[in-house]
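Examination of the molecular architecture
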Amino acid sequence: AKRVGGSGWRAYDPSSALRRARSRLLEAEMRGALEQGQFFLLYQPQVALKSGRLVGAEALLRWQHPTLGMISPAEFIGIAETNGFICDLGQFMFKEACKAATSWPAHVSVAVNISPVQFLRGDLLADLRAALAVSGLAPHRLHVEITESMFLEKSEELFEKLNALRDLGVTIALDDFGTGYSSLSYISSLPLDKLKIDQSFIRDMVSDPAAQTIVQSITTLAHGLGLTLVCEGVENALQCEMLTALRCEEGQGYFFGRPQPARQILALSAAHSLL
Ligand code: C2E
Ligand code: CA
Ligand code: CA
Ligand code: CA
């Protein structure tokens, strides 16, 4: 047994020991993996619900390890946040994503995820600026997805960083909206362009009237604040119809397309409608 921070004693847990061993292994491997080109990006289509046209794609990191196989970002992002490696990963993925978007038509944007650690530590602004400069991508075509967890601390520094992001000319989206703790009045004081409603609400919407009411309220909120509403996790036609009826602008999810290589996004951009 091990002493647990003042709260008492806990029995040895083999599953958590395994998890720790795996996490140490991934941590030891990640730097070399980046150098060896094991990380790459896939892009998931974002669609205008009214027209069915492709309007953008979200860049999602993948780690293809030679012996461990495909490792989910859900597993390695957390580790990379803890050891600071997320900043190196960020530099890589901003450059990749901007480069990919320059091969797409000008009406198609690319969205990158920014973790809270990346936002507060590291040289986020310099990294984004460098990626834009090297690629020549128009800044408004780069969408940065931030999350509510960044606002747990309502610091002056946070506001300054957000405003600096805004000055860079990139588009700012609040990701996973509805799962965090931010107050509505606080949201209205941030320099945002888009709200991405969390996929859990979309998943439950068809069967759960409460989830439907929440989606409806968030739509009203977004429009009242002049923000574009994006719904993620759209998996079927019924969800798509309900969201269109609620006048949600954009959708993302397996119904429109899985995360895929950049050149397939180019092919989709030529389609008249993805509906
Ligand atoms: P997220 O930003 O909320 O990304 C959406 C996740 O939902 C993606 O999982 C995507 O593949 C998945 N998804 C998309 N459509 C559907 C759908 O219709 N149904 C269901 N069930 N799932 C759907 P993924 O790629 O495994 O990424 C998981 C999380 O990892 C992301 O959540 C994001 O928080 C993080 N992540 C991924 N790439 C990056 C990155 O480059 N940087 C940072 N900081 N985080 C990243
Ligand atoms: Ca996201
Ligand atoms: Ca999300
Ligand atoms: Ca998420």
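Let me sum up the structure you'll find in this document. Note that the coordinates shown come from a computational prediction; the quantities given were computed from them, not determined experimentally.

What counts, and at which threshold
Residues numbered from 1 in each chain as written. Chains lettered and ligands numbered in written order. Predicted model: local features only at pLDDT ≥ 70, side-chain atom pairs only at ≥ 80, totals over all residues. Heavy atoms only, no water. Near = heavy atom within 4 Å. Polar contact = N/O pair within 3.5 Å; in protein donor to acceptor, adjacent residues only side chain to side chain. Helix = DSSP H or I, 4+ residues; strand = E, 2+ residues; numbered from the N terminus. Nonpolar A, V, L, I, M, F, W, Y, C, P; charged D, E, K, R; others polar. Donors = N, O, S within 2.8 Å, 3.2 Å for Na, K, Ca; no water. Buried < 20%, exposed > 50% of the residue type's maximum accessible area, 1.4 Å probe, protein only. Pairing = 2+ DSSP bridges. Axes fitted to C-alpha atoms, helices over the stretch in contact; angles between N-to-C directions. Parallel < 35°, antiparallel > 145°, perpendicular 65-115°, else oblique. Contact = heavy atoms within 4.5 Å. Patch = residues over 30% accessible without salt bridge, like charges linked within 9 Å, V, L, I, M, F, W, Y side chains within 5 Å. Areas by Shrake-Rupley, 256 points an atom, 1.4 Å probe, with all protein chains shown as cover. Salt bridge = Lys/Arg side-chain N within 4 Å of Asp/Glu carboxyl O. Lys, Arg positive; Asp, Glu negative; His and termini not counted. Charge placed at Lys NZ, Arg CZ, Asp CG, Glu CD. Phe/Tyr/Trp six-rings, centres within 6.5 Å; stacked < 30°, edge-to-face > 60°.

Here's the deal with the site of ligand 1
If you check the shell around ligand 1, you find 21 residues, and the closest are Gln44, Arg62, Met93, Glu235 and Tyr254. Between ligand 1 and Gln44, the relevant distance is 2.9 Å, taken from a nitrogen atom to a side-chain nitrogen or oxygen of the residue. Elements with a contribution of two residues or more to the shell around ligand 1: strand S4 (54-65), helix H2 (73-83) and strand S8 (171-177). It is S4 that contributes the most residues to the shell around ligand 1, four residues altogether. Its residues placed into classes, the shell around ligand 1 shows eight nonpolar, seven polar and six charged.

Describing the coordination of the calcium ion (ligand 3)
Protein-derived ligands of the calcium ion (ligand 3) are Asp175 (OD), Asp176 (OD), Glu232 (OE) and Glu232 (OE), with the metal-ligand distances lying across 2.0 to 2.8 Å. Sequence positions of the residues that donate to the calcium ion (ligand 3) give the spacing D-D-x55-E. Between the calcium ion (ligand 3) and the calcium ion (ligand 2), both coordinated by Asp175, there is a metal-metal distance of 3.9 Å. Highlighted residues: Asp175 in strand S8 and Glu232 in strand S10 (residues 228-232), separated in sequence by 57 residues. Relative accessible area serves as the criterion here: at 6%, Asp175 is assigned to the buried category.

Some points on the pairing of S10
With four of its five residues buried, S10 lies for the most part within the structure. The pairing of strand S9 (residues 194-197) with S10 spans four bridges and is classified as parallel. Note on S10: the bridge partner recorded for Ile197 is Cys231. One ladder, built from three bridges, connects S10 with strand S11 (residues 250-252); its direction is parallel. When the sheet's bridge partners are listed, Glu232 is paired in S11 with Gln252.

Examining the packing of helix H5 (residues 124-135) against helix H6 (residues 156-168)
The N-to-C vectors of H5 and H6 enclose an angle of 10°; their axes lie 11 Å apart at closest approach. By the criterion of interaxial angle, the relationship of H5 to H6 is roughly parallel. Seen from H5, the contacting residues are Leu125, Leu128, Arg129 and Leu132; seen from H6, they are Ala164, Leu165 and Leu168. Taken together, the residues of the contact of H5 with H6 break down into six nonpolar, no polar and one charged.

Considering a negative patch on the surface
Taken together, the side chains of Glu153, Glu156, Glu157 and Glu160 define an acidic patch exposed on the protein surface. Position of Glu156 relative to the elements: it lies in helix H6.

Examining the packing of aromatic side chains
Under the counting rule described, the total for this entry stands at six aromatic pairs. For the pair Phe39 and Trp63, a centre-to-centre distance of 4.9 Å together with 35° between the ring planes defines the contact as tilted. Here Phe39 is found in strand S3 (residues 39-48), whereas its partner Trp63 is found in strand S4, with 24 residues between them in sequence. Exposure class is identical for Phe39 and Trp63. Each is buried. Arranged with centres 6.4 Å apart and planes meeting at 50°, the rings of Phe39 and Phe85 form a pair that is tilted. Of this pair, Phe39 sits in strand S3 while Phe85 sits in the loop between H2 and helix H3 (86-102); the two residues are 46 residues apart in sequence, bridging distant segments of the chain.

Notes on the pairing of strand S7 (residues 142-147)
The buried count for S7 comes to six of six residues, which makes it a mostly enclosed element. Taking every second residue as pointing to the same face, both faces of S7 are buried, with Leu142, Val144 and Ile146 on one and His143, Glu145 and Thr147 on the other. Pairing analysis gives four bridges linking strand S6 (residues 109-113) to S7, with the strands arranged parallel. In the sheet register, Ala111 faces S7, and the bridge partner there is His143. Here five bridges tie S7 to S8, and the two strands are oriented parallel to one another. Within S8, the position partnered with Ile146 by the bridge is Leu174.

A few points about unusual backbone geometry
Positive phi values are uncommon outside glycine, yet Asp176 reaches one of about 55°. By the element assignment, Asp176 lies in strand S8. By relative accessible area, Asp176 is classed as partly exposed at 27%. We note that Arg247 has phi near 60°; this positive angle belongs to a residue other than glycine.

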